[in-house]
Amino acid sequence: MTPLTPSTRRRLQKLPQLSSVWEGDRRTLMPEIAETLDAEDMQGDCILWVDGVEEVVRAMDVVPNETGSEAIVRTLLRAMENPHSGSARPGRPQRILVRDRELQFFLRGVLQGLDIAVEYVAELPIIDEIFYGLQDAARQRPPSLPPDYARAVLRAAAEIWQDAPWENLDEEKIFAVELNYGDVGTLYISILGLMGMEFGVLMYRSIESLKQFRQQVLAAEDSPRDLQQAFLQQDCLFLTFDPTDEDFLDNGDDPELHPEELAELRLEALGEMSEMIPTFGNLHPLEGMRSVLYDEEAIAVLLTLQALHKFFGQHLDRLSPETFPALTKSYRLPDPKNPKAKVSVKVSTLPDLAAELAEMSGSDPSDYMNYLNSLGVLEDDSEPVPILLDDLVPKDAMYSLGAIPTTLIETLRLRVSHHQPGPAPLPAKASEFPVIMIQTSRPKANELLVEIQAFGGVKGISFNPGEDPSSQSRYDLAILHTNDGKMHLLGEFRDRDPVHLAARRKWDQRCKKTKGQCGLVVAMGLTGKSRGNPALQHMLGFFEARSLSSEEVGLGTLQLLPGPFDEL
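On a predicted model such as this, the values are computed, not experimentally measured, just so you know.

## So, the pattern of salt bridges
Any two side chains of opposite charge can pair, so long as their charged atoms come close to each other.
Stage number 1. Under the counting rule described, the total for this entry stands at 24 salt bridges.
Stage number 2. Note that Glu 119 and Arg 95 form a salt bridge whose closest N and O atoms lie 2.9 Å from each other. Of this pair, Glu 119 sits in strand E5 (residues 117–120) while Arg 95 sits in strand E4 (residues 95–98); the two residues are 24 residues apart in sequence, bridging distant segments of the chain.
Stage number 3. Overall, Glu 119 belongs to the partly exposed group, its relative accessible area being 28%.
Stage number 4. Among the ionic pairs, Arg 214 bridges to Glu 172, the shortest N-O distance being 2.9 Å. Residue Arg 214 is found in helix H7 (residues 207–220), and its partner Glu 172 is found in the loop between helix H6 (150–163) and strand E6 (175–181); the two are separated by 42 residues along the sequence.
Stage number 5. Here the residues in one salt-bridge network are Asp 25, Arg 27, Arg 99 and Asp 128, joined through shared partners.

Quick look at the structure:
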């Protein structure tokens with residue numbers, strides 16, 4: 001146990017002692033309660049400190065499950081010095097009540113000298129009441145999908161997942177879906193997922209909203225605040241496919257559908273892609289984001305997805321980021337309110353709008369060397385500046401340093417679809433083979449493997465110092481050298497990151513034992529349980545190569561140069 005510092009203890013002793021009794025506890029924050037608190041990303045334990053006399057929450061925190069008891073003390077200190085409730089004044093309680101013996105003894109040790117009695121009780125009525133209230137609020141939330149349309153909407157989402165339109169289309173390729181059903185006229189469709197970062201369908205209620213969002217995103221650049229503001233200004237319905245987690249099978253947010261029935265329905269709808277689940281919702285400037293569809297919205301989404309599925313089945317193979325002709329097709333679909341009736345829905349491509357959005361985004365310079373010359377970076381009589389290419393590894397890929405037991409090397413060689421033999425047999429004394437692991441989606445992993453093969457395979461892997469003069473940041477750059485003489489950035493690590501420093505030491509030690517041999521592993525499984533921990537069956541490519549020293553490569557310290565859009 002780490003005690004409070006003397007200065008902290010003296011500061012707390014100066015606080016007035018209040019004639020109050022506080023309750024403190026740590027409870028698992030269930031997903032439905034997290035959503036009630038607008039804390040979907042804060043899964044873990046909730047720490048509460050409550051004044052039992054004034055019946056106010058003095059401090060609350062959400063921490064990961066594995067966080068130690070020190071977090072409870074941090075929240076308690078904030079409850080004393082900076083209470084959450086505006087009506088509560090700073091001070092120390094006379095007594096603290098907890099329902100955990102181990103926590104009681106821990107707090108007694110930490111709070112010595114502060115005249116605070118720490119007592120054990122079997123129940124904490126005020127905290128119990130707070131959590132019961134949160135659970136009631138969670139149970140009273142509307143279902144994420146109307147029960148009357150949930151099955152049909154989920155099946156339609158599964159059909160879109162199987163169509164995978166993001167493999168052919170970027171988000172600038174816009175479709176118009178004319179519904180003219182209820183108060184919904186035409187929805188303008190943008191497909192997400194070509195870059196493999198997020199898959200889904202955005203259904204804008206107007207072209208103006210779509211254009212405005214694009215303009216705001218471009219103007220926001222990398223400002224998180226501006227990007228969030230642009231996101232919330234959208235006026236659209238949406239479907240996204242998100243990685244599942246363990247809470248998915250226990251999803252009880254639809255009171256009129258049994259949780260097990262809803263989970264089974266989703267899994268059945270997505271078939272083999274059960275690691276991804278569909279999420280539906282609404283975005284509006286005055287309403288914000290809502291992960292709930294009401295009846296009219298669910299009907300509009302259902303008809304839109306059904307019409308798109310039919311259109312993709314007929315025309316998707318004719319469409320691509322480079323080819324987007326004018327196409328129109330009408331369909332007669334069952335009326336969701338009356339299956340015996342039909343609804344006419346028309347789907348059209350909007351190539352002119354797609355071209356306008358593409359022009360709005362701009363394009364990259366085609367010749368990077370000419371671009372460097374335009375900046376005055378190169379002199380006419382200067383030596384060629386070595387260029388480190390950063391277009392090989394997918395942007396959303398995970399990369400890490402690690403090792404494979406040499407006992408598994410032969411199995412891996414036989415299992416992968418792409419294998420490059422090593423330059424020499426491995427020494428018998430080597431027990432671990434150092435590798436850099438690149439993990440991404442299956443399509444992107446296959447594309448990466450094809451590219452490496454096109455470059456003639458892997459010559460070697462090196463680490464080289466790099467720096468960003470604008471921020472004075474220094475990095476350790478992992479570089480892939482291909483047999484066509486090019487260099488490709490595999491990953492960048494902070495040069496003083498203790499985790500990376502330890503991994504580099506192990507890398508160097510292992511390379512000595514393998515006589516300078518190392519490897520690159522390309523794996524799929526970016527989502528689900530395999531994320532960050534791929535099994536053998538997820539590994540698609542294994543390239544054995546040489547470990548090249550920075551002295552051998554002779555690059556010196558590489559500097560980040562300004563990009564083509566830095567001045568825009």
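From this point, the narrative continues.
## Remarks on the sheet that holds E5
Stage number 1. Here five strands make up an open sheet; going across it, the order is E3-E2-E1-E4-E5 and the pairing mixed. Of all the strands in the sheet, the pair left with one neighbour each is strand E3 (56–63) and E5. Pairs of neighbouring strands in the sheet enclose a mean axial angle of 20°, with direction left out of account.
Stage number 2. Alignment of strand E2 (residues 44–51) against E3, held across seven bridges, turns out to be antiparallel. Bridge pairing in E3 links Cys 46 to Val 62.

## Some words on the side chain of Asp 51
Stage number 1. Of note, Asp 51 is situated in strand E2.
Stage number 2. Put simply, Asp 51 is tucked away with no salt bridge, and the nearest opposite charge, on Arg 58, sits 4.2 Å away.
Stage number 3. Here Glu 54 takes part through its backbone nitrogen, which lies 3.1 Å from a polar atom of the side chain of Asp 51.

## Things to note about the state of the cysteines
Every disulfide links exactly two cysteines, by a covalent bond between their sulfur atoms.
Stage number 1. Inspection of every chain in the model, using the stated rule, returns zero disulfides.
Stage number 2. Take Cys 511: it sits in no disulfide, and the sulfur closest to it among the cysteines is that of Cys 518, at 5.1 Å.

## A short note on the environment of Gln 112
Stage number 1. Secondary-structure assignment places Gln 112 in the loop between helix H4 (101–110) and E5.
Stage number 2. On the basis of relative accessibility, which here comes to 53%, the residue Gln 112 falls in the exposed class.
Stage number 3. For the pair Gln 112 and Arg 9, spaced 103 residues apart in sequence, the C-alpha separation works out to 9.0 Å.

## Quick word on the packing of aromatic side chains
Stage number 1. The full count for this structure, using the stated rule, is 11 aromatic pairs.
Stage number 2. A ring pair is formed by Trp 161 and Trp 166, whose centres lie 5.6 Å apart and whose planes are at 55°; its orientation type is tilted.
Stage number 3. For Trp 161, a relative accessible area of 11% gives the class buried.
Stage number 4. With a centroid separation of 5.7 Å and 85° between ring planes, the pair formed by Trp 161 and Phe 199 is classed as edge-to-face. Here Trp 161, found in helix H6, pairs with Phe 199, found in strand E8 (residues 199–204); they are 38 residues apart in sequence, far enough to count as distant. Take Trp 161 and Phe 199: they sit in the same class, and that class is buried.
Stage number 5. Each member of the aromatic cluster is reached from another via a ring pair, and the members are Trp 161, Trp 166, Phe 199 and Phe 241.
Stage number 6. Geometry around Tyr 120 places Arg 101 over its ring, the cationic atom sitting 3.8 Å from the centre.
Stage number 7. Cation over ring: Arg 504 sits above Phe 463, and NZ or CZ is 4.3 Å from the ring centre.

## What to know about the nonpolar core
As a rule of thumb, soluble globular proteins bury nonpolar side chains together.
Stage number 1. Ranked by size, the top nonpolar core spans 49 residues in total, and within it Phe 175, Leu 179, Ile 189, Phe 280 and Phe 312 carry the most contacts.
Stage number 2. Listing elements by their share of this core, those giving two or more residues are H6, E6, strand E7 (184–192), E8, strand E9 (236–243), helix H10 (295–315), strand E12 (328–335) and strand E13 (338–349).
Stage number 3. In terms of residue count, H10 provides more of this core than any other element does, 11 residues in total.
Stage number 4. By size, the runner-up hydrophobic cluster in this structure holds 27 residues, among which are Ala 397, Ile 436, Val 458 and Cys 518.

## As for the pairing of strand E20 (residues 487–494)
Stage number 1. Summarising burial for E20: six of the eight residues are buried, a large majority.
Stage number 2. Sheet analysis places strand E14 (residues 388–389) next to E20, joined by two bridges and oriented parallel. By the bridge assignment for E20, Leu 389 is matched with His 488.
Stage number 3. Bridging between strand E19 (residues 473–482) and E20 involves seven bridges; their strand directions are antiparallel. Opposite Leu 480, over in E20, you have His 488 as the bridge partner.
Stage number 4. Where E19 folds back onto E20 in an antiparallel hairpin, the turn is made up of four residues, including Gly 485, whose phi is positive at roughly 90°.

## Overview of the packing of H6 against H10
Stage number 1. Contact geometry for H6 and H10: axes closest at 9 Å, N-to-C directions at 30°. With respect to their mutual orientation, H6 and H10 come out roughly parallel. Considering only the axes of H6 and H10, their crossing is left-handed. Contacts between H6 and H10 pair Ala 152, Val 153, Ala 156, Ala 157, Glu 159, Ile 160 and Asp 163 from the former with Ala 298, Leu 302, Leu 305, Gln 306, Leu 308, His 309 and Phe 312 from the latter.

## Structural notes on the environment of Pro 334
Stage number 1. If you trace the backbone, Pro 334 turns up in strand E12.
Stage number 2. For the pair formed by Pro 334 and Ser 344, sequence separation is 10 residues and the distance between their alpha carbons is 9.0 Å.

## Regarding helix H14 (residues 442–454)
Stage number 1. Between its first and last C-alpha, H14 extends 18 Å over 13 residues, near the 18 Å set by a 1.5 Å rise per residue.
Stage number 2. The inward-facing, buried residues of H14 contact strand E16 (418–420), strand E17 (432–439), strand E18 (458–468), E19, strand E21 (517–523) and strand E22 (539–548).
Stage number 3. In the segment just after H14, Gly 456 is the residue with positive phi, at about 90°.

## Some points on unusual backbone geometry
Stage number 1. You will see that Asp 115, though not glycine, has its phi angle at about 55°, which is positive.
Stage number 2. Positive phi is not limited to glycine here, since Ala 164 has a value of about 50°.
Stage number 3. Overall, the relative accessible area of 9% leaves Ala 164 in the buried class.

## Re the confidence of the model for the chain
Stage number 1. Considering every residue of the chain, the mean pLDDT works out to 82; 81% of them sit at 70 or more.
Stage number 2. Contacts of residues 34–42 to residues separated by more than four positions or lying in other chains number 14 contacts, the stretch itself having pLDDT below 50.
Stage number 3. Contacts for the low-pLDDT stretch residues 562–568, under 50 throughout, to residues beyond four places or in other chains number nine contacts.

About the cut-offs
- Residues numbered from 1 in each chain as written.
- Predicted model: local features only at pLDDT ≥ 70, side-chain atom pairs only at ≥ 80, totals over all residues.
- Heavy atoms only, no water.
- Salt bridge = Lys/Arg side-chain N within 4 Å of Asp/Glu carboxyl O.
- Helix = DSSP H or I, 4+ residues; strand = E, 2+ residues; numbered from the N terminus.
- Buried < 20%, exposed > 50% of the residue type's maximum accessible area, 1.4 Å probe, protein only.
- Pairing = 2+ DSSP bridges.
- Axes fitted to C-alpha atoms, helices over the stretch in contact; angles between N-to-C directions.
- Lys, Arg positive; Asp, Glu negative; His and termini not counted.
- Polar contact = N/O pair within 3.5 Å; in protein donor to acceptor, adjacent residues only side chain to side chain.
- Disulfide = S-S within 2.5 Å.
- Phe/Tyr/Trp six-rings, centres within 6.5 Å; stacked < 30°, edge-to-face > 60°.
- Lys NZ or Arg CZ within 6 Å of the ring centre and 35° of its normal.
- Core = buried A, V, L, I, M, F, W, Y, C linked by side-chain atoms within 4.5 Å.
- Parallel < 35°, antiparallel > 145°, perpendicular 65-115°, else oblique.
- Left-handed = near helix turned anticlockwise from the far one by under 90°.
- Contact = heavy atoms within 4.5 Å.
- Expected span 1.5 Å × (residues − 1).
- pLDDT = per-residue confidence, 0-100.

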